[in-house]
Amino acid sequence: MSLAIVAIGAKSTSGYRGSMSSIAVCPSCGTKNRVPVASSGRPQCASCHQPLPWLVEAGDADLDAALNTDHLVLIDLWAPWCGPCTMVAPVLQRLSVRYSGKVKVVKVNVDHNPRSSARFDAQSIPTLVMTRHGAVVDRIVGAQGEAALVARIEPLLVTR
Ligand SMILES: [Zn+2]
């Protein structure tokens, strides 16, 4: 068993249902790995132990579990019908690889999760909200390129 899986299990909260997870394909070896929504540390490939993209999908039921990490969280409030959201999705995918273990990307579909949407005031989408320990530290409304997002993320990592 890999260290990553031990760490993930140890941080699970009592009310958390273990079935909630996302599949991450390892960029190094192609193995499909299950990344729990509540994962709180650097996810690793079970096969080759390289860092996995740290990206999960969460909703009203498990958003608090998803935000329960010491690391920076980037919440993507999106919907399938939103064109700019579709454009920003591959950027977030790349960031989840680049910042694996440092930034946890949490995707929230606003259509299915009205409470999360209201909580982070997603009046227009995409809205990107960065949190640490559940507190909002930055928010960006509208689609952004990778360089623009990196410029917003980097200063937040330095303060850690
Ligand atoms: Zn691998």
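This is a predicted model, so every value here is computed, not measured. (Residues numbered from 1 in each chain as written. Predicted model: local features only at pLDDT ≥ 70, side-chain atom pairs only at ≥ 80, totals over all residues.)

Caption draft 1: A look at the sheet that holds strand 6 (residues 127–132). Strand order in the open sheet made by the five strands is 3-5-4-6-7, with mixed pairing throughout. In this open sheet, the two edge strands, each paired with only one partner strand, are strand 3 (55–58) and strand 7 (135–141). Strand-to-strand twist across the sheet, computed as the mean angle between neighbouring axes with direction ignored, equals 25°. By the bridge criterion, five bridges tie strand 4 (residues 72–78) to strand 6 in an arrangement that is antiparallel. Among the inter-strand pairings, I75 is bridged to a residue of strand 6, identified as V129. Sitting on the sheet, helix 3 (residues 83–98) is in contact with strand 3, strand 4 and strand 5 (103–109), with an inclination near 155° to strand 5. On the sheet, helix 5 (residues 146–158) packs against strand 4, strand 5, strand 6 and strand 7 and is oriented at approximately 165° with respect to strand 7. (Pairing = 2+ DSSP bridges. Helix = DSSP H or I, 4+ residues; strand = E, 2+ residues; numbered from the N terminus. Axes fitted to C-alpha atoms, helices over the stretch in contact; angles between N-to-C directions. Contact = placed C-beta atoms within 7 Å.)

Caption draft 2: The arrangement of helix 3 in detail. A rise of 1.5 Å per residue sets the reference length of helix 3, with its 16 residues, at 22 Å; its end C-alpha atoms lie 24 Å apart and thus fit the reference within 8%. All buried positions along helix 3 are accounted for by C85, V88, L92, L95 and S96. Those residues of helix 3 that are buried lie in contact with strand 3, strand 4, strand 5 and helix 5. (Expected span 1.5 Å × (residues − 1). Buried ≥ 20, exposed ≤ 12 C-beta atoms within 10 Å, placed from the backbone.)

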